[in-house]
Amino acid sequence: IQHVTENRNISFLSAGFFGDAQNRTSDNLTTPTASSANSTFVRPAAFFINGFSNIPHAKYYYVFLCLVYAVTVFGNSFIMSTIYLARRLHTAKYVAVFHLALSDLGGSSVLIPKLIDMFLFDHQYISYEACLTNMFFVFHFMNLQSFTLLILAYDRLIAICCPLKYHAIITKSSISCILSAAWICSFILFAALVGLVNRLSFCRSIVVNSYFCDHGPVISLSCNDNSINYRLAYILFGLLICAPVALITSSYLCIAAALLKLAHGADRKKAMKTCTSHLALVAIFYLPILSVNVKSIATSIDPNVRIINNSLTQIIPPMLNPIIYTLKTEEVMQSIKELYKRNKVATLVSKNAKRENVMRNT
């Protein structure tokens, strides 16, 4: 405990997949423990998640996270239930929307309850194995959200550019196969990313200067060569974040070109309306991730600013996604109204049946 307290202000920063520029390799280590890393392999029993540094009333932020999580659980459960119950939403597109809500719910559930437990109830120690498990599932569900947004962009591309072939190309079975491949691919890639952490020796410190077991801050604590870990992190960042953004941008350029060819402005406006909700989700999800990770490549960011930015990036999109799809999508709103009317009719029928039974008995 004394060792942890002395090192709580160590300046390793959180940057999602990777840390700050000055902490990317172990070439400049000067501590005595680092020089003996070649002969001694150290694996700590636990890490200490530091969280915010020198911010008064920081616990109010975690109370805010409680409220966000409650809205996230209700909103995503509601949209999943609506898709499941409404027959008109049993289409390929809404298989992907259902999966987005599921991955949003999973990502928030592996992150926010643990944050609340650590920082509101002072359980900031996390075992080594639990730390790696937490790291895997946080990044796994974030990646599934990214894949799903890419699939929804593909759906809009085919719907607008190849409308006559849409129902032949975009089927429930094809979308289900793509989503299954996304799960398998994500599992393998992040299992490799997290598995490589086991080759590192942590003889420097056990204080993780982040709000969860973030990959960059954890591997920056190692005192042997961590260049392979950083290289894989760069590859995955390019493959799983930058590549989907490039593909989504390309798909919307094609969509824009197709819309310009439409003769009637009403048709163009109707087609554009089907894309607005997806574009909003893409902007909310990708822009903060890209900004903080690109910024961290060139320079350092204040740890507290980074924690706020990264945490909001991970918790706000899952909360807003169901709200945007509910308010911006006419099909969903119509399905909600139909379900409400159906439930109201069923309630009236049930009440009338009970009254008849009471009258018969009397």
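The shown structure was predicted, so the numbers you read here are calculated from the model rather than taken from an experiment.

Rules of the game
Residues numbered from 1 in each chain as written. Predicted model: local features only at pLDDT ≥ 70, side-chain atom pairs only at ≥ 80, totals over all residues. Heavy atoms only, no water. Helix = DSSP H or I, 4+ residues; strand = E, 2+ residues; numbered from the N terminus. Buried < 20%, exposed > 50% of the residue type's maximum accessible area, 1.4 Å probe, protein only. Contact = heavy atoms within 4.5 Å. Areas by Shrake-Rupley, 256 points an atom, 1.4 Å probe, with all protein chains shown as cover. UniProt positions renumbered as here; feature names shortened; annotations may be inferred. Pairing = 2+ DSSP bridges. Axes fitted to C-alpha atoms, helices over the stretch in contact; angles between N-to-C directions. Phe/Tyr/Trp six-rings, centres within 6.5 Å; stacked < 30°, edge-to-face > 60°. Parallel < 35°, antiparallel > 145°, perpendicular 65-115°, else oblique. Nonpolar A, V, L, I, M, F, W, Y, C, P; charged D, E, K, R; others polar. Salt bridge = Lys/Arg side-chain N within 4 Å of Asp/Glu carboxyl O.

Turning next to the overall build of the protein. Helix and strand counts for the protein stand at 12 helices and 3 strands. Relative to its 362 residues, the protein shows a buried fraction of 49%. Partitioning the intrachain contacts of the protein with sequence separation of at least 6 by distance along the chain shows that 83% fall at a separation of at least 24. Carbon together with sulfur atoms contributes 66% to the accessible area of the protein, which is approximately 17,900 Å² in total.

In the numbering used here, UniProt assigns the "transmembrane region" (unreviewed entry) feature to residues 60-85, 136-154, 175-197, 234-263 and 275-294. From the first C-alpha to the last, residues 175-197 spans 33 Å; its make-up is 91% helix and 0% strand. Secondary structure content for residues 275-294 is 100% helix and 0% strand, and the end C-alpha separation is 27 Å.

To continue, consider unusual backbone geometry. In most cases, non-glycine residues show a negative phi, while peptide bonds are predominantly trans. At histidine 57, a residue that is not glycine, the phi angle is positive and equals roughly 60 degrees. Looking at the secondary structure, you find histidine 57 in the loop between strand 1 (46-49) and helix 3 (59-85). For histidine 57, a relative accessible area of 63% puts it in the exposed group. Of note, aspartate 122 is a non-glycine position whose phi angle comes to about 55 degrees, a positive value.

This part covers the sheet that holds strand 1. Reading across from one edge, 2-1-3 is the order of the 3 strands in this open sheet, with mixed pairing throughout. Of all the strands in the sheet, just strand 2 (125-127) and strand 3 (207-208) have a single pairing partner and so form its edges. Judged from the 3 bridges that link them, strand 1 and strand 2 form a sheet pairing that is antiparallel. Bridge assignment links phenylalanine 48 to a residue of strand 2, and that residue is tyrosine 125. Together, strand 1 and strand 2 form the strand contacts of helix 5 (residues 128-161), whose direction differs from that of strand 2 by roughly 90 degrees.

Here we come to the packing of aromatic side chains. This model, assessed by the stated rule, comprises 18 aromatic pairs. Between tyrosine 61 and phenylalanine 64, the ring centres sit 6.1 Å apart and the planes meet at 40 degrees, which makes this aromatic pair tilted. Taken together, the positions of tyrosine 61 and phenylalanine 64, both in helix 3 and 3 residues apart, correspond to about one turn of that helix. Taking the relative accessible area as the measure of exposure, tyrosine 61 reaches 16% and is therefore buried. Given a relative accessible area of 35%, phenylalanine 64 falls into the partly exposed group.

Following both chains from N to C, one finds helix 3 and helix 12 (residues 330-361) inclined at 75 degrees, their axes separated by 10 Å at the closest point. One element, helix 3, and the other, helix 12, form an angle in the roughly perpendicular class. Between helix 3, through Phe78, Ile79, Thr82 and Leu85, and helix 12, the contact on the second element is made entirely by Val332, Ser335, Ile336, Leu339 and Arg342. Residue composition of the contact of helix 3 with helix 12, by class: 6 nonpolar, 2 polar and 1 charged.

A few words now on the pattern of salt bridges. Taken as a whole and judged by the stated rule, the model has 2 salt bridges. For the salt bridge of arginine 88 with glutamate 338, the shortest nitrogen-to-oxygen distance reads 2.9 Å. Taken together, the positions of arginine 88 in the loop between helix 3 and helix 4 (92-120) and glutamate 338 in helix 12 put the pair 250 residues apart, joining distant regions of the chain. What makes arginine 88 partly exposed here is its relative accessible area of 40%. The exposure class of glutamate 338 is partly exposed, given its relative accessible area of 33%. Across the salt bridge formed by aspartate 155 and arginine 156, the nearest N and O atoms sit 2.7 Å from each other.

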